Amino acid sequence: MHMEMNRKKWALLGLAVLAMVTAAYALGARSPSEPSITHAVLPGDENVLAEVNGSQITRYDLERTIAETLNEEAIHQLDEEGRQRALQSIVASRAIARAREAELDAAGREAIDRKAARYRDQLLVRQYLDAHAPPEPVTPEMVSAYYEAHPESFGGSTRRTYEMLFTTRSLTAAERDTLSHQLRDPAQHSDWRAWAATLTAQGLPVNHRRGDASASALDARVRRVLGRLRLGQTSTIVYVDGRAFLMRIAEEEQRPRRPLAEVREQIRQRLAPRQLRDAVRAARTSVLQHAEVVYR
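Keep in mind the model is a prediction, meaning the values are calculated, not measured. (Residues numbered from 1 in each chain as written. Predicted model: local features only at pLDDT ≥ 70, side-chain atom pairs only at ≥ 80, totals over all residues. Heavy atoms only, no water.)

1. Structural notes on the pattern of salt bridges
We count it as follows: Between Lys or Arg on one side and Asp or Glu on the other, a salt bridge is scored when a side-chain nitrogen of the former is within 4 Å of a carboxyl oxygen of the latter. The helix and strand labels rest on DSSP assignments: H or I over at least four residues marks a helix, E over at least two residues marks a strand, and numbering proceeds from the N terminus. Relative accessibility thresholds used throughout: buried, under 20% of the residue-type maximum; exposed, over 50%; partly exposed, between the two (1.4 Å probe, protein chains only).
Under the defined criterion, the tally for this structure stands at 19 salt bridges. Arg 59 is the salt-bridge partner of Glu 46, the closest N and O atoms lying 3.1 Å from each other. Of this pair, Glu 46 sits in the loop between helix 1 (2–26) and strand 1 (48–52) while Arg 59 sits in helix 2 (residues 59–69), and the two are 13 residues apart along the sequence. A relative accessible area of 25% means that Arg 59 is categorised as partly exposed. For the salt bridge of Arg 210 with Glu 251, the shortest nitrogen-to-oxygen distance reads 2.8 Å. With a gap of 41 residues between them, Arg 210 in strand 4 (residues 206–212) and Glu 251 in strand 6 (residues 243–254) connect regions that are remote in the sequence. For Glu 251, a relative accessible area of 43% puts it in the partly exposed group.

2. Observations concerning the side chain of Arg 83
To keep it simple, the criterion reads: The term polar contact refers here to a pair of N or O atoms within 3.5 Å; inside protein, the definition further demands a hydrogen-donor-capable atom paired with an acceptor-capable atom, and it admits residues adjacent in sequence only when both atoms are side-chain atoms. Contacts were defined at the residue level, with two residues in contact if any of their heavy atoms lie within 4.5 Å.
With respect to the helices and strands, Arg 83 occurs in helix 4 (residues 80–103). A polar contact of 3.0 Å, which involves the side chain of Arg 83, links it to the backbone oxygen of Ile 75. Residue contacts for Arg 83: discarding those within four places in its chain leaves Arg 59, Leu 62, Glu 63, Ile 66, Ile 75 and Leu 78.

3. Some words on the confidence of the model for the protein chain
The test is simple: Confidence per residue, as judged by the predictor, is encoded in pLDDT with a range of 0 to 100.
Mean pLDDT over the protein chain works out to 86, with 86% of the residues at or above the 70 mark. Per-residue pLDDT stays below 50 along residues 1–5; that stretch engages in zero contacts with residues further than four places along the chain or on separate chains. Note that residues 15–36 has pLDDT below 50 and, in this model, 45 contacts with residues that lie over four places away or in other chains.

What follows is the structure, given as structure tokens:
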């Protein structure tokens, strides 16, 4: 059973590495045989593990791929079988990338290079933020303030139940006059379902409905009228596409919020992008003051 689990683990690792490395080379990532401008030798580059059509794959490539697919600890924890599977995935990705590269014309290669350059900029921006403007951490005070300001996001909302009488079709002028007369005093009718049945027996195309006042299935104009009504308040007759609606708010139920301890991490995840956005804005302002920019 243990061996079976290991086989599944390495199979998943191989697929993950293949997907990640394929994506990297789709962006035009360089291999050690295509050195960067600085011609720097990275730790592990002296240990070449494989070559694909003359393109070298080194221990640095393997270990970085493992770290980015799993984590840094996996570099030392992964056994030889796992490392070999990861290497095979990199080899396959490199071979596929080179095969596609050979098919591209000049415009296709330039498009890949431009995409790779955009990805490179993203990596450099992240590194700059880490070094010079790391996002401020999300504090417990920020989490609590967000929790108090957005109770509806955590179940702390009011559920309003509407009740309405409505016509099932457009009315003739005579029906409209008759219905307006019949609906003139809704306060005299506590049971709207029975009232609707009485009107139907009189030959009027009237129906009764009860439901959630915020339901998206309601016509937007009907929903707006309901939104303005207080508990127990009845609207005037509202006509929508020739059909008549008489509405009231029958019930209100305050729903309790989920406890802060239960949603704390959820709030933290919502606030983290804001902190990153603020860090990017600060870095942008600082760097652009010293950059020569010309818009054409």
